[in-house]
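# Descriptive analysis of the structure
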Amino acid sequence: MTKVLLTDVDGKVLSVVKGPTGPEHRRLANEVMQRALEQANLQLDLVSYVVATGYGRLNVPFADRRITELTCHARGVYSLFPHVKTAIDIGGQDAKCMKVSHGRVVNFAMNDKCAAGTGRFLEVIAVALGVKVEDMGDISLRSRKKVHVSNLCTVFARQEVVARLSEGEKLEDIVAGLHDAVASRVVGLARTLRIEPDVVLTGGVAKNNGIVRAMQEHLRCEVLVPEDPLITGALGAAILAKDLWQESVARGERAPTELRRLKKATFFT
Amino acid sequence: MPNDSRGLAKAKQVYQERSRRARQLRAEGSRVIGYPCVYVPVEMLSALGLVPYRTYGDIREPVTEADRALPTSFCPFMRSCFDCALKAKDDFLDGMVVAHSCDPQEKTARLWESYVGYPYFHFMDVPGTVRPEAVEYFGGQLSDLKATLEAFTGQELTVERLRSAIQFHNEQRALVKELYELTKPAPPLVSGTEMLQVVKALMSLPVAEGNDLLKEVIGEVQGRTTGGPELKPVRLLVWSSTLDDVAIMEILESGANVVMDEGCGGMRAYRGEVKLTDEPMDGLARHYMDDITCARTFRQGADGETTKEYSQDLEKRFGYLKDVVEEWSINAAILLLVRYCDPFAFEVPSLRDYFDAVGIPSIYIEYDYAEGALAPLRTRVEAFFETIG
């Protein structure tokens, strides 16, 4: 997903727009930006500073600065949960765990080897099970007995799940087992950082209450989830943009800004 | 006075066309011996007039042929090396000397030998520890290598020849150290990318030609007034299994000055020197066991003691890095491993503890040995720089 979030100088959120990131949409950050401007009733030249983040950060031609999603997520989560020490983001592509101190990343780990332990893992298996990915959380909460599912490989887990179904296992027990597999994988990644509370979970997968419960079981502590867990990266980017701009004004200089023209990205790097 | 030395440009050219000189020498009658590991005593090859040629994989070459023998879950570096061999990219080699640096290399060597077929092929064992018995055992391995090399060349590896070769290679070690001195200023006079090009060039040339190149590079870099690296906020140490392509180094140098590469594309082959002992093979054995700091070799704080202090153990294993950190004013370290490199990955927790103890922020990153898969590496590297910036 491509998200745009605009704030004013006090950090008040003016607009939030989420658009899909397809192969074509990746080039179209400008369209999502346009919608965000319309929502806030603003003209582009009133925007003082733009920070782009995420895998597509290089494809935003109107950005003034590019900052990785790790730094942005940590900053966004910290603005919502000032006591955060461990931030975990599970998105469609990857899972990342961050140790956070006063809103700054001090250490991090990202899943390295494959899609297991990410949102994609759940999406692939939801198709095999014939359920909607957004219903998986509620389904799993009905479970009384988790079915063990391998956490190592999305493809094999899919076969495993089909086999369990044919053996007559209940859907909710299988889904609960899947959540357990994702949670154990991600918590294993986070353990390399020495987990400390408060723990905050973000990313699309954080909307799944079954995952949140499984994470709490594995972590043996409460897991906090923001109201909109999809936008913490964009929120952090906007706050960093505000800070960078204010710092440069305080120094008596104008932050260097890109010529404000919304254009399509024409390059891939 | 303008500096008209072209050492760096030459090194870059050799880096880009690594096998060109070796092919030329072979056409003129020399014999070229490939070796994939820092534990192969190149002095013994040079002493017999053989050209030692360090083989690497190629991150720009998609692995295809190696699939017929090695699954995708195997060491990507060995897969790539083997793939290049199967594609006859190193078809100018008259032979190979392979060392038991790790199990993937040992097992790949078997396949290498049987699938490619070289006129000369020698596999040497390398002990996993540095105890006196291990040094003695390694000495025996060098004697075996001597015997097969003599049989292959039909020449005797005399003490005089070996001493002379050791002197040339010691000179190369000293020159590389001299060049690394020039990464000490801020900004450094020579970049990590340039160092990588120089080191890979050295490993593709006869030792005397390498030394001439180094002298030219050092002269050029010492006289540098423009064209050197820009000052970056981070002075980085890279600890790597192998970092052998400038595309990776350039990602690191987008936000840092890489002032030391503790890896096979950097300092690893050049630390210490071979002592000229009465029997030169003894000095060789001791050097390779004592001075090469590769994660595949086990070191401990105190041999034979029943209780050991963890800090003492770390000091024994990684103490040399503390000196490097101080002398090169390093303020961050990246532990950069090719994916699935278990011997190095098992060393990571202790090494990170050591860097914590000496106050150096560090990050551990695995990368796929493939040029097309460097975006995740870029994100991790940039995020790390943001945490310390």
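None of these values were measured; they are calculated from a predicted model.

## A look at the interface of chain A and chain B
Every contact between the two is made by 11 residues of chain A and, on the other side, eight residues of chain B. Among the secondary structure elements, those contributing two or more residues to the side of chain A that touches chain B are helix 2 (69-80) and strand 7 (104-110) of chain A. With five residues, strand 7 of chain A is the largest single contributor of residues to the side of chain A that touches chain B. Looking at the side of chain A that touches chain B residue by residue, the class counts come to seven nonpolar, two polar and two charged.

## Quick look at the domain arrangement of chain A
Residues and elements named next belong to chain A. Along its sequence, chain A is carved into domain 1 (2-71 + 231-250) and domain 2 (82-224). Just the C-alpha atoms count here: the centres of domain 1 and domain 2 sit 28 Å apart. Its residues assigned to classes, the side of domain 1 that touches domain 2 shows two nonpolar, two polar and no charged.

## What to know about the packing of helix 6 (residues 132-153) of chain B against helix 11 (residues 280-290) of chain B
Residues and elements named next belong to chain B. Their axes nearest at 9 Å, the elements helix 6 and helix 11 cross at an angle of 120°. Accordingly, the angle class assigned to the pair helix 6 and helix 11 is oblique. For the pair helix 6 and helix 11, the sense of crossing is right-handed. Residues A134, V135, F138, G139, L142 and S143 of helix 6 pack against M281, D282, L284, A285, R286, Y288 and M289 of helix 11. Residues of the contact of helix 6 with helix 11, tallied by class, amount to nine nonpolar, two polar and two charged.

## With respect to the environment of V130(B)
Residues and elements named next belong to chain B. Looking at the secondary structure, you find V130 in the loop between strand 4 (120-124) and helix 6. According to the C-beta neighbour criterion, V130 is partly exposed, with 19 such atoms within 10 Å. Sequence-wise, V130 and D290 are 160 residues apart; in three dimensions their C-alpha atoms are separated by 6.6 Å. If we ignore the near neighbours within four places in the chain, the residues touching V130 are M289, D290, T297 and R299.

## Focus: the sheet that holds strand 1 (residues 32-35) of chain B
Residues and elements named next belong to chain B. As summarised here, the arrangement of the four strands in space is 2-1-3-4, forming an open sheet in which the pairing is parallel. Two strands lie at the open edges of the sheet, namely strand 2 (51-54) and strand 4, each paired on one side alone. On average, adjacent strands in this sheet sit at an angle of 20° to one another, irrespective of strand direction. Note: strand 1 against strand 3 (residues 95-99), two bridges, orientation parallel. The partner of I33 across the bridge, within strand 3, is G95. Sheet strands touched by helix 5 (residues 103-116): strand 3 and strand 4. Its angle to strand 3, the strand with the most contacts, is close to 160°.

## Observations concerning the nonpolar core
Within the largest apolar cluster, 168 residues are counted, with the highest numbers of intra-cluster contacts made by I33(B), L179(B), L236(B) and I334(B). What L179(B) contacts, discounting residues up to four positions off in sequence, is V190(B), V198(B), L214(B), V217(B), I218(B) and V221(B). Residues V50(A), A234(A), L235(A) and A241(A) belong to the second largest nonpolar core, which totals 27 residues.

Parameters and conventions
Residues numbered from 1 in each chain as written. Chains lettered and ligands numbered in written order. Predicted model: local features only at pLDDT ≥ 70, side-chain atom pairs only at ≥ 80, totals over all residues. Contact = placed C-beta atoms within 7 Å. Helix = DSSP H or I, 4+ residues; strand = E, 2+ residues; numbered from the N terminus. Nonpolar A, V, L, I, M, F, W, Y, C, P; charged D, E, K, R; others polar. Domains from an automatic or database assignment. Axes fitted to C-alpha atoms, helices over the stretch in contact; angles between N-to-C directions. Parallel < 35°, antiparallel > 145°, perpendicular 65-115°, else oblique. Left-handed = near helix turned anticlockwise from the far one by under 90°. Buried ≥ 20, exposed ≤ 12 C-beta atoms within 10 Å, placed from the backbone. Pairing = 2+ DSSP bridges. Core = buried A, V, L, I, M, F, W, Y, C linked by C-beta atoms within 7 Å.

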